[in-house]
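# Topology and contacts: notes
Spelled out, the chains give:
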Amino acid sequence: MPAVLDRLSALADLTRSRLLLVLERDALTVGELCRVLRLPQSTVSRHLKLLSDEGWITARAEGTSNRYRAALKDLDPGARQLWQLVSGEIAEAPAARQDATRLRSVLAERSTRSRDFFATSAGQWDRLRSELFGARAELAALPALLDDDWAVGDLGCGTGQVAASLAPFVGQVLAVDASAPMLTAARKRLAPFRNVEIRRGELEALPLDDASLDAAVLSLALHLAPEPARVLAEAARVLRPGGRLLIVDMMPHDRTDFIDSMGHLWPGFDAETLTSWGGEAGFASCTYHPLVADPAAKGPTLFAAVLRRATTSPTTRTEAQP
Ligand SMILES: C[S@@+](CC[C@H](N)C(=O)[O-])C[C@H]1O[C@@H](n2cnc3c(N)ncnc32)[C@H](O)[C@@H]1O
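Residues numbered from 1 in each chain as written. Predicted model: local features only at pLDDT ≥ 70, side-chain atom pairs only at ≥ 80, totals over all residues.

Turning our attention to the overall build of the chain. Of the regular secondary structure elements, the chain holds 12 helices and 10 strands. The C-alpha atoms of the chain give 30 Å as radius of gyration, which overshoots the globular expectation for 322 residues (20 Å, by more than 25%). Each principal axis of the C-alpha atoms in the chain carries an extent, and together these give about 80 × 50 × 45 Å. Counting only residues that meet the buried cut, the chain has 28% of its 322 residues in that class. At a minimum sequence separation of 6, the contacts of the chain that also span at least 24 residues come to 61%. (Helix = DSSP H or I, 4+ residues; strand = E, 2+ residues; numbered from the N terminus. Rg over C-alpha atoms; globule rule 2.2 N^0.38 Å. Buried ≥ 20, exposed ≤ 12 C-beta atoms within 10 Å, placed from the backbone. Contact = placed C-beta atoms within 7 Å.)

Shown next as structure tokens:
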């Protein structure tokens, strides 16, 4: 027997077709369907079971109840065509028109419930948000603001944390570091990303072509460089005109113990110093933002400085002057 004939019986009942029509528009619980169709729960549940057994709908557990949705995309082409024909006719029936009106009010009630919830829980939302999604969940999503075809450098990549945060959102990440053990850890972390290339090299002589990056990050590495101005000049060389360098490092601090314990060469950087070195290196501007410290953090306050590479080369600019 052609499979489509098996499908006829499920749709031959007006209640089942009305249910399917409503569930094609939105996913609803049994309680909501009872209110939309104005039918008792036992009737709605019986028809839902048949529709579910025959693959017309699927259910997803939500708290103590199930939310049902039409599964038309998963059906065979014959069944989909049959439903197109039946739904076109049923949608004009008075009962189905009333269902559509009541569906709108049930959906409106849902958004009223969520508004009521937030109206009374404004004071608790920050705690609830942290519990549900972590303290700064939105930060992981912010690299999605970058252009997805960008090539971005992670300069002094260490174990690859910055590269791993960027890789899902940009075209390519080039991660550079001088330390073989750090690069071994980075290779392990970054193995899942096919768009990350790891290169061993010095910040003062990057293994990258001129103007090959759209943006670059120097995270917690500049304070280890004997000549930070040279590192900035090298970053400017590998950035395209207009490209951006993000420096994340420590604001000026007095933790002299870091010199012995971690080989720090610079006790943080202020905005004036970075602006001056950046200007000499070919960066047209430098903006400096102290970062909000994590309450659990024990180290000095960090800053984020963005240096924008000049759109014309330093030589051209000099020549243009009278
Ligand atoms: C403190 S770690 C920071 C790593 C990473 N960027 C992060 O945010 O976690 C500094 C890294 O910079 C690298 N580094 C320091 N000076 C360097 C230089 N002159 N050339 C290349 N890498 C350097 C070190 O090997 C180390 O992996």
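Turning to the sheet that holds strand S3 (residues 65–70), a few remarks are in order. Read across the open sheet, the 3 strands follow the order S1-S3-S2; overall the sheet is antiparallel. Since the sheet does not close on itself, it has two edges, and those belong to strand S1 (28–29) and strand S2 (57–62), each with one partner. Bridge analysis of S1 against S3 gives 2 bridges, and the strand direction is antiparallel. Considered in S3, the bridge of Thr29 is made with Arg67. Running at roughly 95 degrees to S3, helix H2 (residues 14–25) makes contact with S1, S2 and S3 of the sheet. (Pairing = 2+ DSSP bridges. Axes fitted to C-alpha atoms, helices over the stretch in contact; angles between N-to-C directions.)

How two helices pack is summed up by the angle between their axes together with the distance between the axes. Orientation of H2 relative to helix H5 (residues 77–90), taken along the N-to-C sense of each, is 95 degrees, at an axis distance of 10 Å. As judged from the angle between their axes, H2 and H5 are roughly perpendicular. On the side of H2, the interface is formed by Ser17, Arg18 and Leu21, while H5 contributes Val86, Ser87 and Ile90. Looking at the contact of H2 with H5, its residues break down into 3 nonpolar, 2 polar and 1 charged. (Parallel < 35°, antiparallel > 145°, perpendicular 65-115°, else oblique. Nonpolar A, V, L, I, M, F, W, Y, C, P; charged D, E, K, R; others polar.)

With respect to the element layout, Leu128 can be found in helix H6 (residues 94–133). For Leu128 and Arg7, which are 121 residues apart along the polypeptide, the C-alpha to C-alpha distance reads 46 Å.

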